[in-house]
Amino acid sequence: MGALVSLVAVAVLALLAVTAVASDNLRLVFGAVIPGVAFAVFLVGVVARVTRWARAPVPFRIPTTAGQQKSLPWIKNSELDNPSGTLGVVGRMFLEVLFFRSLFRNTKVELITDKEKVNYIGTKYLWAAAMAFHWSMLIVVFRHFRFFVEPVPRVVEIIQSLDGFFQVGVPVIYATSVLLIVSLGYLLLRRLADAKVKYISLPTDYFALYLLLGIAISGFLMRHLEKVDIVNVKAAIAGWASFQLVAPEGVGALYFIHVFLVSVLFVYFPFSKLLHAPGVFLSPTRNLANNNRAKRHVNPWNPPIVGHTYAEWEEEFHDKLVASGFVLDKE
Amino acid sequence: MSLNLSRDERTKMVARWFDLIVDGYPAETARFLREQSDPFANPVGAGLREELAPILDWIVDGGDGAAVESALDRIVRIRALQDMSPSQAVSFVLILKDVHEEIAADTTAGAKGKFDSRVDGALLIAFDVFSRCRQQVYDIRVKEVRNRSLKVMERLNSWREERAGGPSTT
Amino acid sequence: MSEKSPQELIQIDLNPPRKKWMDPSVDFESRRGTWSYPGGVKSIEYMGFANPREWSPTDEDWKLPENWQQIIHDGFKERLGKYRSLRVFMETCVRCGACADKCHFFIGSGDPKNMPVLRSELLRSIYRNDFTLAGKILGAFAGGRKLTLDVLKEWFYYFFQCTECRRCSVYCPYGIDTAEVTMMARELMMLVGVNINWICEPVANCHRTGNHLGIQPHTFKDNIEFLCEELEDDLGITVNPVINKKGAEVLFIIPSADYFADPGTYTFIGYLMLFQQIGLDYTMSAYASEGGNFGLFTSHDTIKKLNYKIYHEAKRLGVKWIIGGECGHMWRVMHQYMDTMNGPTDFLEVPRSPITGTVFENARSTKMVHICEFTADLIRNKKIKLDPSRNDKYRVTFHDSCNPSRALGLFEEPRYILKNVCNNFFEMPENTIREHTFCCAGGAGLGNDENMEMRLRGGLPRGNALKHVRDAHDVNLMSCICAIDRATLPPLAEYWAPGVEISGVHELVANALVMDGETERTKNLRGESLKAETEETTDV
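Residues numbered from 1 in each chain as written. Chains lettered and ligands numbered in written order. Predicted model: local features only at pLDDT ≥ 70, side-chain atom pairs only at ≥ 80, totals over all residues. Heavy atoms only, no water.

Trainee: Can you walk me through the sheet that holds strand 3 (residues 321–324) of chain C in this structure?
Mentor: Strand-to-strand pairing in sheets goes through backbone hydrogen bonds, with the strands running parallel or antiparallel. Residues and elements named next belong to chain C. The parallel open sheet is built from 4 strands, whose spatial order is 2-1-3-4. Across the chains shown, the open sheet's two edge strands, defined by having one partner strand only, are strand 2 (282–283) and strand 4 (368–370). Sheet analysis places strand 1 (residues 250–253) next to strand 3, joined by 4 bridges and oriented parallel. Paired with Phe252 across the two strands is Ile323, which belongs to strand 3. Running over the sheet, helix 16 (residues 328–342) touches strand 1, strand 3 and strand 4 and is turned about 145° from strand 4. (Pairing = 2+ DSSP bridges. Helix = DSSP H or I, 4+ residues; strand = E, 2+ residues; numbered from the N terminus. Contact = heavy atoms within 4.5 Å. Axes fitted to C-alpha atoms, helices over the stretch in contact; angles between N-to-C directions.)

Trainee: Honestly, the domain arrangement of chain C in this entry has me stumped. Any pointers?
Mentor: By a widely used convention, the size of an interface equals the accessible area lost when the partners come together. Residue and element names in this part refer to chain C. When cut into domains, chain C gives domain 1 (19–195) and domain 2 (203–526). Distance from the C-alpha centre of domain 1 to the C-alpha centre of domain 2: 31 Å. Counting residues at the interface gives 36 residues for domain 1 and 40 residues for domain 2. For the domain 1 and domain 2 pair, buried surface summed over both sides reaches about 3100 Å², with 62% attributable to carbon and sulfur atoms. When residues of domain 1 are sorted by the area they lose upon contact with domain 2, Met47, Arg166 and Arg167 head the list and together hold 18% of the total. One can count 0 salt bridges joining domain 1 with domain 2. Those elements that place two or more of their residues in the side of domain 1 that touches domain 2 are helix 2 (41–47), helix 5 (104–109), helix 9 (167–171) and helix 10 (178–191). By residue number, the principal contributor to the side of domain 1 that touches domain 2 is helix 10, which donates 7 residues. Looking at the side of domain 1 that touches domain 2 residue by residue, the classes come out as 18 nonpolar, 9 polar and 9 charged. (Domains from an automatic or database assignment. Buried area = accessible area lost by both parts, 1.4 Å probe. Salt bridge = Lys/Arg side-chain N within 4 Å of Asp/Glu carboxyl O. Nonpolar A, V, L, I, M, F, W, Y, C, P; charged D, E, K, R; others polar.)

Trainee: Any chance you could explain the pairing of strand 6 (residues 477–480) of chain C here in plain terms?
Mentor: For a regular strand, side-chain orientation follows a simple rule: the groups alternate between the two sheet faces. Residue and element names in this part refer to chain C. Burial along strand 6 is two-sided: the face carrying Leu477 and Ser479 and the face carrying Met478 and Cys480 are both buried. Both strand 6 and strand 7 (residues 501–504) contribute to a ladder of 4 bridges, which runs parallel. From the neighbouring strand, Cys480 faces strand 7, where its bridge partner is Gly504. For the handedness criterion, the β-α-β arrangement of strand 6, helix 22 (residues 483–496) and strand 7 is classed as right-handed. (Buried < 20%, exposed > 50% of the residue type's maximum accessible area, 1.4 Å probe, protein only. Right-handed = clockwise from strand over helix to strand, strands pointing away.)

Trainee: When you look at the sheet that holds strand 5 (residues 396–399) of chain C in this model, what are you seeing that I'm missing?
Mentor: Residues and elements named next belong to chain C. Here 3 strands make up an open sheet; going across it, the order is 5-6-7 and the pairing parallel. What marks the edges here is a single partner per strand, and that holds for strand 5 and strand 7. Averaged over neighbouring strand pairs, the angle between their axes works out to 35° when direction is ignored. Two strands pair when backbone bridges link them, and strand 5 and strand 6 are joined in this way by 4 bridges, in the parallel orientation. Bridge assignment links Phe398 to a residue of strand 6, and that residue is Ser479. In this fold helix 22 packs onto strand 5, strand 6 and strand 7, with an angle of close to 165° to the strand it touches most, strand 7.

Pasting the structure below:
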């Protein structure tokens, strides 16, 4: 149900963008105004939300320890799973952010009989698909810099040529374009087909996936089917930088769908779960060292609570203490 | 006397039986029970996977009653604790009748009747196991209250009495 | 007539119309054995907690304050401003499902709402409804839900069905810790008087007498003397327990179950024998007579309140540093909360073992050392003589307790000790130990007898792994370093892996410990013959 509603929502958004082709004014709105506003919302939204997280205090140091602690010098500690200091934390975060280490734990490599092989692959796929999606996404976004920057930076060119290493198709089909669509497709199918995941999924979970798929597919088609005139697009974008809002010439519906869905993503991003990326950096179970006993952690709002004091205790049990021969502080 | 069920039929029956039992759980749980093949991550699924075949073999071939009881125990012990009525907890044995009807090649009334009555036998054992497990849960509960600190208290009190030459209070 | 086949019957019985998880409904009446009794009026009044009253989860009316929704809303808001953890955990979950099958309660019960992600969603849905724009506008589409009485009842059922073991947190790509979410939910429920007695009563007892069981100082002393006399009678070993001694070097803090409940008492005697043998200048305290802290299952303020006595007593007695006994959640508090809450400890010294000279750098600030760290250091430096053959009747495995595992990372110290004090040690399967360890299903205040069904359900994964080593290696003893484990694992083992007993690590240390001037030992601490009965007939 939620999956269907979300699909319809994304389809409606795409159709909306198609209307832009019709009139010059709409072309300006969809081709320049909306993307500009959306990008601004994106920047402000992300900064605002991350700031709100960062400003919330961390009263206690509560890392989840997933390896041996650093205690006695002759016991080997596992610095990456149970960091004892900043360096370890950086390493742990590095593995977490770039390689989804915790998610990888989910998969277990062992010899299994053929019949049951499928099952394990199932759990490995989540990690693999997540890796494939995020890395492809990163590279695809990076590749887009060639539209924004003139001259195109050398790194972008290198990445681009690596990405098109297989030299398939004209223009060359980038590996990440395919990976992006395939991995998104898998993540969507998993949500629909795995009852366990389906049960926990919210409509917005599907919405995000459809939106991303819409963006990826329209972008792919634009490059390989419609073959949009890059020069015009680039010229228009260059205009934005000097605050001249113009829509590119000679682009069709696909372009507007792509750009409008990206705009929707920009606006949606800071208000949704899509902003999980900075969350990893701010997660107190991951970004703190497990050195609680070695170094005092300060709670900025530590409440002035006093427990039952010894004096009160001694007073309450005075007679019994005396009868049992305890030495008292106060006679 | 003896029932004729080929290896192939049995394998199919066990697979079908497993599916039907697992489908008795909520869909999202069923998928987990079916797919997680690590016996330590999925003890419920592993119990079914490993014990259904020996139970079926016993039903078909007869044999050691203690062995089938221990196989049934592994499954019933779990179901005795889950959110199920007593009848639901043991009913998984009964489903085997349908499975047999669906898969067995020998569909004569005689074969069916024989098989069904053997299933009834297994069901009765399952029921015994179920009752035993439930009783054990109650026993454990009562015993725990006693063990936890009463035992120490009793020992302490008698020690005190001995020392003081009379009963004392806590 | 169209008789229903057994299969049809089952389908009907077991597959009720599938509801979405957002529809709350818990039938407490039909689920007896899976929830705990509510907090008693006396304890709640004594602690000054909210809304003391007689009530039962099976009641229609939970006798909540008129404005209970507002109270929870305000409490939620306050905590969002105070804990980054809460804010981040409410906002970052992508529902990837990695945690779904990691909870022992889900594995054992098959109840989908025991998937950690959904446990958190119970709270998160209210968060979205009350505090996010999308939730306010889009409602259920954005995963928002209004806080109704049924939702609160569901909170009670499922947040007192989480043992705060943190296993799911290990697998979460964002480090979302359900224990933290459960702690917050329980704090919120406390605000309107929704709680359980097995937490409230120990808390009140602990505040008043110093320990969970409400043992008063004279009984505390009596009991310890009694246990020591029993030891003398049984094994002819004399230990001199020290209580409330000013100027001792070390304050020794233990969970009360160790001196008041079997099999913890054997571990307790084990500590004392070890200290006796090495001549440690230590003292216990009749006032700080509890290391455990059920505040952890109540509210952060209560943790601080109950933990106060540790440093307070250390200062009063003028000790130099502190050793803590074998206890799980106690160590979470001592390690992750104590110094922050009740430090700094400028009146103590950096712990240094007087026997080996080792300085415990890892406890430089809190000044509190885990007894396993202390003992491992003694063994490493060959300061105690051990005869592991005295434990030969045992075939031992080790249960990693949740908190020492996932809140400290204390994995090797107890193993090092065990391998030195017994000859037969076997690990349970890899994905059930260390950071992957399965809970005893009785932690976080759930180890009461009325909750036994749920405990045994949740105990299945641990019991199953235990049964495996019992069958594969004839394991007959599971050692652990947690007082709650020592109370909750015996029933678990009895049901899932009969024939396996439970012990603390220091019980086995004491069995193996060669003491000065001792006569030849024929019995272990439990008063049983050192040899297995079958061997005895052939050997002797």
